[in-house]
Amino acid sequence: MGPTTLRTLLGDYPNTLALKRGEIASPLVGFEFDPVKTANRAFKRVVREGAFDVAELALVTFLQAKAYGKPLVLMPAVVGAGRYQHHCLVHNVERGRLRVAELAGKRIGIRAYAQTTVAWVRGILADDYGVDLNGIRWVTFEDGHLAEFPDPPGVTRAEGRNMVEMLLAGELDAAIIGTDLPDDPRLAPVLPDPHAAAAAWGARHAMVPINHMVAVDRKLCETRPDVVREVYRLLQESKAAARRDAGAPDLTPFGVEPNRHALELIIHYAYDQKLIPRRYAVDELFDDVTRVL
């Protein structure tokens, strides 16, 4: 018999490229990689259609998928690099300095209400800066990944609009931009000295925030635990093939324990922001196969 072929969603990152290029192979497992260029554009298919056996997935999306009974199990493998989030909340300096204490009543643009980067930033604002998240006028630009979780009451939708253009035009007071932040001198972080603040936050929490991990179809875990273990081994091998500076922090940690604190904190943030109905224990996110990888 040939290898088991898995429908797989995985972005192109330094720690996944060796696997996706076929430089690492296994007689047990083969991969049918989805051709989507940006993995998060297929996250709806992961949780709405069950389109993949193995899939990269944003953490808040996974937590909501668990809340709504989707048959997914977390694998303790980070893909894409973890990063600090303090610099992601930006405003237009041409319209005056916007301070953290002035966020009440302001219009803040976010791609989607349950976006993981947004959850990290909101958690930091609430816990570290005392911001009342309910006092902010949130403006979203697309649906969340889970069809069962619509925008909460009071959230405005700017369907078809461009968030950066609205920010520059003064139709938004600030925006949380996780990727593709324009190199525009008019855009500046709201948080003062965000990189120093992020470094202090990281030292205090002894972690770097993570956004995406790997999720596995529960049926695969139940019927082919050997395949699931082999996928994890191949991901580890692919990570080892990526070049990493000596002494640099590990931004793609593998294993439950190295990720426990980050998972505890994003669960705390997600629950406080009413994105999930209860605080899950970290061990609940895994099953008997993935918990011991």
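Thresholds, definitions, all that
- Residues numbered from 1 in each chain as written.
- Predicted model: local features only at pLDDT ≥ 70, side-chain atom pairs only at ≥ 80, totals over all residues.
- Heavy atoms only, no water.
- Pairing = 2+ DSSP bridges.
- Helix = DSSP H or I, 4+ residues; strand = E, 2+ residues; numbered from the N terminus.
- Contact = heavy atoms within 4.5 Å.
- Axes fitted to C-alpha atoms, helices over the stretch in contact; angles between N-to-C directions.
- 1 Å grid on protein atoms, 1.4 Å probe; cavity = no way out; pocket = protein on both sides within 12 Å on 5 of 7 lines; lining within 4 Å.
- Points joined across faces, edges and corners; volume = space filled by probe spheres on them.
- Nonpolar A, V, L, I, M, F, W, Y, C, P; charged D, E, K, R; others polar.
- Expected span 1.5 Å × (residues − 1).
- Buried < 20%, exposed > 50% of the residue type's maximum accessible area, 1.4 Å probe, protein only.
- Phe/Tyr/Trp six-rings, centres within 6.5 Å; stacked < 30°, edge-to-face > 60°.
- Parallel < 35°, antiparallel > 145°, perpendicular 65-115°, else oblique.

- As recorded in an unreviewed UniProt entry, the protein chain goes by ABC transporter substrate-binding protein and comes from Pigmentiphaga daeguensis.

**Examining the sheet that holds strand 9 (residues 174–176)**
Alright, step 1. Pairing is mixed in the open sheet, where six strands are placed in the order 8-7-6-9-5-10. The sheet terminates laterally at strand 8 (156–157) and strand 10 (187–189), the two strands that pair on one side only.
Alright, step 2. Pairing of strand 6 (residues 107–110) with strand 9, which is carried by two bridges, proceeds in the parallel orientation. When the sheet's bridge partners are listed, Gly109 is paired in strand 9 with Ala175.
Alright, step 3. Those strands touched by helix 4 (residues 116–129) are strand 5 (89–92), strand 6, strand 7 (137–140) and strand 9, and its axis lies near 120 degrees from that of strand 9.

**Details of the layout of surface pockets**
Alright, step 1. Here the largest pocket is characterised by a volume of approximately 880 Å³.
Alright, step 2. Looking at the largest pocket, it is lined by 37 residues, and the ones nearest its centre are Asn40, Arg111, Gln115, Gly178 and Thr179.
Alright, step 3. Secondary-structure elements contributing two or more residues to the lining of the largest pocket are strand 3 (54–58), helix 4 and helix 5 (163–168).
Alright, step 4. Partitioning the lining of the largest pocket into residue classes produces 13 nonpolar, 15 polar and nine charged.
Alright, step 5. A volume near 380 Å³ is recorded for the second largest pocket.
Alright, step 6. Lining the second largest pocket are 20 residues; nearest its centre among them are Tyr113, Leu133, Asn134, Trp138 and Gln273.
Alright, step 7. When residues of the lining of the second largest pocket are traced back to their parent elements, those giving at least two are helix 4, strand 7 and helix 9 (256–272).
Alright, step 8. Counting residues per element, the lining of the second largest pocket draws most heavily on helix 4, at four residues.
Alright, step 9. The class makeup of the residues in the lining of the second largest pocket is ten nonpolar, four polar and six charged.

**Some words on helix 8 (residues 225–241)**
Alright, step 1. Compared with the 24 Å implied by 1.5 Å per residue over 17 residues, the 25 Å span of helix 8 between its first and last C-alpha is a close match.
Alright, step 2. Among all positions of helix 8, only Val227, Val228, Glu230, Val231, Tyr232, Leu234, Leu235, Ser238 and Lys239 are buried.

**Concerning the sheet that holds strand 4 (residues 72–78)**
Alright, step 1. Pairing in this open sheet of five strands is mixed, and the strands run 2-1-3-11-4 from one edge to the other. The open sheet has two free edges, formed respectively by strand 2 (29–33) and strand 4, since each of these has just one partner strand. Sheet twist, expressed as the average angle between the axes of neighbouring strands with direction ignored, equals 35 degrees.
Alright, step 2. Of the pairings in the sheet, the one linking strand 1 (residues 4–9) to strand 2 comprises five bridges and is parallel in character. Bridged to Thr4 within strand 2 is Val29.
Alright, step 3. Contacting strand 3, strand 4 and strand 11 (212–217), helix 3 (residues 59–67) runs over the sheet at an angle of about 105 degrees to strand 3.

**What about the packing of aromatic side chains?**
Alright, step 1. Applying the stated criterion across every chain, the model contains four aromatic pairs.
Alright, step 2. Consider the rings of Trp120 and Tyr269, whose centres lie 5.7 Å apart with planes at 90 degrees: the pair is edge-to-face. Highlighted residues: Trp120 in helix 4 and Tyr269 in helix 9, separated in sequence by 149 residues. You'll find Trp120 and Tyr269 in the same group, each marked buried.

**What about the packing of helix 4 against helix 6 (residues 194–205)?**
Alright, step 1. Put simply, helix 4 and helix 6 touch, their axes get as near as 13 Å, and they point 80 degrees apart. Relative to helix 6, helix 4 is oriented roughly perpendicular. Here Trp120, Ile124, Asp128 and Tyr129 of helix 4 lie close against helix 6, whose contacting residues are Ala197, Trp201 and Arg204.
Alright, step 2. In terms of residue class, the contact of helix 4 with helix 6 is built from five nonpolar, no polar and two charged.

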